[in-house]
Amino acid sequence: MTFRPSVPSDLGRLFDIWHTAVVATHDFLSPEQRQEIAEVVKAQYLPSADFLVYEDTDGKLLGFMGCSGANIDALFVDPKAHGMGIGTRFIDYMKVRHEVLTVQVNEQQPQAHAFYHKCGFRDVRRDPTDDAGRPFPIIHLEWAR
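Computed from a prediction, not measured in an experiment: that's the story for all the values here.

Two strands in a sheet stick together by hydrogen bonds in their backbones, pointing the same way (parallel) or opposite ways (antiparallel). Strand order in the open sheet formed by seven strands is E1-E2-E3-E4-E5-E7-E6, with mixed pairing between adjacent strands. Each of the sheet's edge strands pairs with one partner strand only, and the pair in question is strand E1 (2-5) and strand E6 (122-127). The average undirected angle you get between the axes of adjacent strands in this sheet is 30 degrees. In terms of strand pairing, E1 meets strand E2 (residues 52-55) through four bridges, oriented antiparallel. Residue pairing across strands places Phe3 opposite Tyr54, the latter belonging to E2.

Another aspect to go through is the packing of aromatic side chains. As enumerated under the stated definition, the model contains twelve aromatic pairs in all. On the basis of an interplanar angle of 55 degrees and a centroid distance of 5.0 Å, the ring pair of Phe3 and Tyr93 is categorised as tilted. One end of the pair, Phe3, is in strand E1; the other, Tyr93, is in helix H3 (residues 86-95), and 90 residues separate them in sequence. Overall, the relative accessible area of 25% leaves Tyr93 in the partly exposed class. Site record: aromatic cluster; members linked through ring pairs are Phe15, Trp18, Tyr45, Phe51, Phe64 and Phe76. Between the NZ or CZ atom of Lys42 and the centre of the ring of Phe15, over which it lies, the distance is 4.8 Å.

Bridging between strand E4 (residues 71-77) and strand E5 (residues 100-106) involves two bridges; their strand directions are parallel. Within the sheet, the bridge partner assigned to Ile72 lies in E5 and is Val103. A crossover connection joins E4 to the parallel E5 through H3; in handedness this β-α-β unit is right-handed. As paired strands, E5 and strand E7 (residues 138-144) are joined by seven bridges and run antiparallel to one another.

We now examine the nonpolar core. Counting 22 residues, the largest nonpolar core has Ile72, Tyr116 and Phe121 as its most contacted members. Those elements that place two or more of their residues in this core are E2, strand E3 (61-68), E4, H3, E5, helix H4 (110-118) and E7. Ranked by residues supplied to this core, first place goes to H3 with four residues. With residues near it in sequence (within four places) discarded, Ile72 still touches Met65, Gly66, Cys67, Ile91, Thr102, Val103, Gln104, Tyr116 and Phe121. With 19 residues, the next largest nonpolar core counts Phe15, Val53, Phe64 and Phe76 among its residues.

Conventions and cut-offs
- The written sequence of each chain sets the order in which its residues are numbered from 1.
- With pLDDT at 70 or above as the cut-off, local features in this predicted model cover only qualifying residues; side-chain atom pairs require 80 or more to be listed or tallied, and sums for whole chains, interfaces and linings still use all residues.
- Side-chain metrics rest on all non-hydrogen atoms present in the structure, leaving aside hydrogens and water.
- Here the rule is simple: two strands pair whenever DSSP picks up at least two bridges between them.
- Going along the chain from the N terminus, every DSSP run of H or I of four or more residues is numbered as a helix, and every run of E of two or more is numbered as a strand.
- The convention used is that axes are lines fitted to C-alpha atoms, helices contributing only their stretch in contact, and that angles between N-to-C directions extend from 0 to 180 degrees.
- Two rings from Phe, Tyr or Trp (for Trp, the six-membered ring) form a pair when their centres are within 6.5 Å of each other. A pair whose planes differ by under 30 degrees is stacked, one over 60 is edge-to-face, and the rest are tilted.
- To sort residues, take the accessible area from a 1.4 Å probe on protein chains only and compare it with the maximum for the residue type: under 20% means buried, over 50% means exposed, and anything in between is partly exposed.
- Only when the NZ atom of a Lys or the CZ atom of an Arg is both within 6 Å of the ring centre and within 35 degrees of the ring normal do we say a charge sits over the ring.
- Note on handedness: a clockwise path from strand one over the helix to strand two, with the strands aimed away from the viewer, defines a right-handed crossover.
- Here the nonpolar core consists of buried residues drawn from Ala, Val, Leu, Ile, Met, Phe, Trp, Tyr and Cys, with membership extended through side-chain atoms lying within 4.5 Å.
- By definition, residues are in contact when any of their heavy atoms lie within 4.5 Å.

This is the structure:
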């Protein structure tokens, strides 16, 4: 199992991971909201960002992470691989490269919030809406060495 930079041919699998993870964890989104966000993710976000991907020994992508410097913008793991330590490996990868890390999670995702706390992050701020102005509160977290 290894990390590597994403390549354009990964885009379909990245979207599949994103979509199945969102369906499994974002039950606060309506199907219409999920579809609206999916269109933006597929057409704009995934093709324009660089990701670190995690693949198993057979070369199957199991997760990906997108970052802006020391901020974790996206971290998604295939739900079939949840609980295997892949998310923690992504965080550990970042911890050795940065003195301080930041991340934002939807308040309606207690499992993600708990995951980051388990990784040593602490809450630093709460916004009442997401970056698109939707009524999904965002919790900002920080980890420092």
